[in-house]
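What follows is each chain in one-letter form.
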Amino acid sequence: MDYSILIRKAMEYKERAYVPYSHFRVGAAILTENDSIFGGCNIENVSFGATNCAERTAIFKAVSEEGKTDIKAIAIVSDEDGYTYPCGICRQVISEFAAEDIKIILAKSEEEYIVKEMKDIFPEPFDKF
Ligand code: THU
């Protein structure tokens, strides 16, 4: 899989981040089972708990447009020097829609990225009750 398109899309969406409180911009882009790409940014709120992360913005956009979908890949970028990993709530939400072999691409640039799998970042999910 060529990850550069997804990384570029995540970077493009990072520009739209609404971050007046943290000033920490995050962008995400997901590839769905239909080969559609959806981007998202973090959207903060004066009531901090109402903030939505970039990953969840992208996923909720996809599901609201296409219905339930298996996510084949997600790219995440930020302003940080290092790699930005999804937060706990986003790991849970990614897990809900992740394809069996989902690739989680943590990128600094189109050339510099690492690829993780769900078992690396969320080994024992809460997935039934
Ligand atoms: N943030 C994300 O968008 N994704 C993550 O996985 C980590 C955190 C955002 C939320 C908040 O707007 C800012 O980063 C600082 O926590």
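Residues numbered from 1 in each chain as written. Predicted model: local features only at pLDDT ≥ 70, side-chain atom pairs only at ≥ 80, totals over all residues. Heavy atoms only, no water.

Q: Could you clarify how one ought to interpret the site of the ligand in this entry?
A: With respect to spatial proximity, the complete set of residues near the ligand consists of Ser22, Phe24, Val26, Asn42, Glu44, Thr51, Cys53, Ala54, Glu55, Tyr85, Pro86 and Cys87. In this structure, an oxygen atom belonging to the ligand sits 2.6 Å away from a side-chain N or O atom of Glu55. Within the complex, 78% of the 370 Å² of free accessible area of the ligand lies under protein. (Near = heavy atom within 4 Å. Polar contact = N/O pair within 3.5 Å; in protein donor to acceptor, adjacent residues only side chain to side chain. Areas by Shrake-Rupley, 256 points an atom, 1.4 Å probe, with all protein chains shown as cover.)

Q: How should I be thinking about the nonpolar core in this particular structure?
A: Grouped burial of nonpolar side chains is what soluble globular proteins tend to show. Core analysis: the largest hydrophobic core is formed by 20 residues, its most contacted members being Ile30, Ile59, Ile74, Ile102, Ile104 and Met118. Every element with two or more residues in this core is listed here: strand E1 (26-32), helix H2 (54-66), strand E3 (71-78), helix H3 (88-97), strand E4 (98-107) and helix H4 (118-121). The dominant element in this core, judged by the number of residues it contributes, is H2, at four residues. Setting aside chain neighbours within four positions, we find Ile59 in contact with Ile30, Ile71, Val93, Ile94 and Phe97. Judged by nonpolar contacts, the second largest core, of 11 residues, contains Tyr3, Ala73, Ala75 and Ile105. (Core = buried A, V, L, I, M, F, W, Y, C linked by side-chain atoms within 4.5 Å. Buried < 20%, exposed > 50% of the residue type's maximum accessible area, 1.4 Å probe, protein only. Helix = DSSP H or I, 4+ residues; strand = E, 2+ residues; numbered from the N terminus. Contact = heavy atoms within 4.5 Å.)

Q: Explain the packing of aromatic side chains here, please?
A: A ring pair, where both rings are aromatic, is described by two values, the distance of the centres and the angle of the planes. Tallied over the full model, the rule gives two aromatic pairs. Across from the ring centre of Tyr13, 4.6 Å away, lies the NZ or CZ of Arg16, which sits over that ring. Here Lys108 stacks its cationic end above the ring of Tyr83, 4.7 Å away from the centre of that ring. (Phe/Tyr/Trp six-rings, centres within 6.5 Å; stacked < 30°, edge-to-face > 60°. Lys NZ or Arg CZ within 6 Å of the ring centre and 35° of its normal.)

Q: Looking at this structure, how should I read the UniProt feature "domain: CMP/dCMP-type deaminase" (unreviewed entry) in the chain?
A: Sequence positions flagged by UniProt for "domain: CMP/dCMP-type deaminase" (unreviewed entry) are, in local numbering, residues 1-129. In the segment residues 1-129, helix accounts for 29% and strand for 26%; the C-alpha atoms at its two ends are 35 Å apart. (UniProt positions renumbered as here; feature names shortened; annotations may be inferred.)

Q: Which parts of the structure should I look at to understand the pattern of salt bridges?
A: Throughout the structure, instances matching the rule amount to 12 salt bridges. Within the structure, one salt-bridge network assembled from shared partners comprises Lys14, Glu15, Arg25 and Asp79. (Salt bridge = Lys/Arg side-chain N within 4 Å of Asp/Glu carboxyl O.)

Q: Honestly, H2 in this entry has me stumped. Any pointers?
A: Along an α-helix, a turn takes 3.6 residues, which lines up residues three or four apart on a common side. In a regular helix each residue adds 1.5 Å, so 13 residues correspond to 18 Å; H2 covers 18 Å between its end C-alpha atoms and thus fits that length. Residues of H2 that are buried include every one of Ala54, Glu55, Arg56, Thr57, Ala58, Ile59 and Ala62, and no others. Of the residues flanking the end of H2, it is Gly67, one or two places downstream, whose phi is positive at about 80 degrees. (Expected span 1.5 Å × (residues − 1).)

Q: How should I be thinking about the sheet that holds strand E2 (residues 37-41) in this particular structure?
A: Note on sheets: strands pair through backbone hydrogen bonds, and any given pair is parallel or antiparallel. The strand order E2-E1-E3-E4-E5 describes an open sheet built from five strands, whose pairing is mixed. Unpaired on one side and paired on the other, E2 and strand E5 (113-116) mark the two borders of the sheet. Neighbour to neighbour, the strand axes of the sheet diverge by 20 degrees on average, direction disregarded. Inspection of the sheet shows E3 paired to E4 by five bridges, in the parallel sense. Counted as the bridge partner of Ala75 is Ile105 from E4. Strands in contact with helix H1 (residues 4-14) are E1, E2, E3, E4 and E5; relative to E1, the strand with the most contacts, it is inclined by about 140 degrees. On top of the sheet, H2 reaches E1, E2 and E3; it is set at about 140 degrees to E2, its chief contact. (Pairing = 2+ DSSP bridges. Axes fitted to C-alpha atoms, helices over the stretch in contact; angles between N-to-C directions.)

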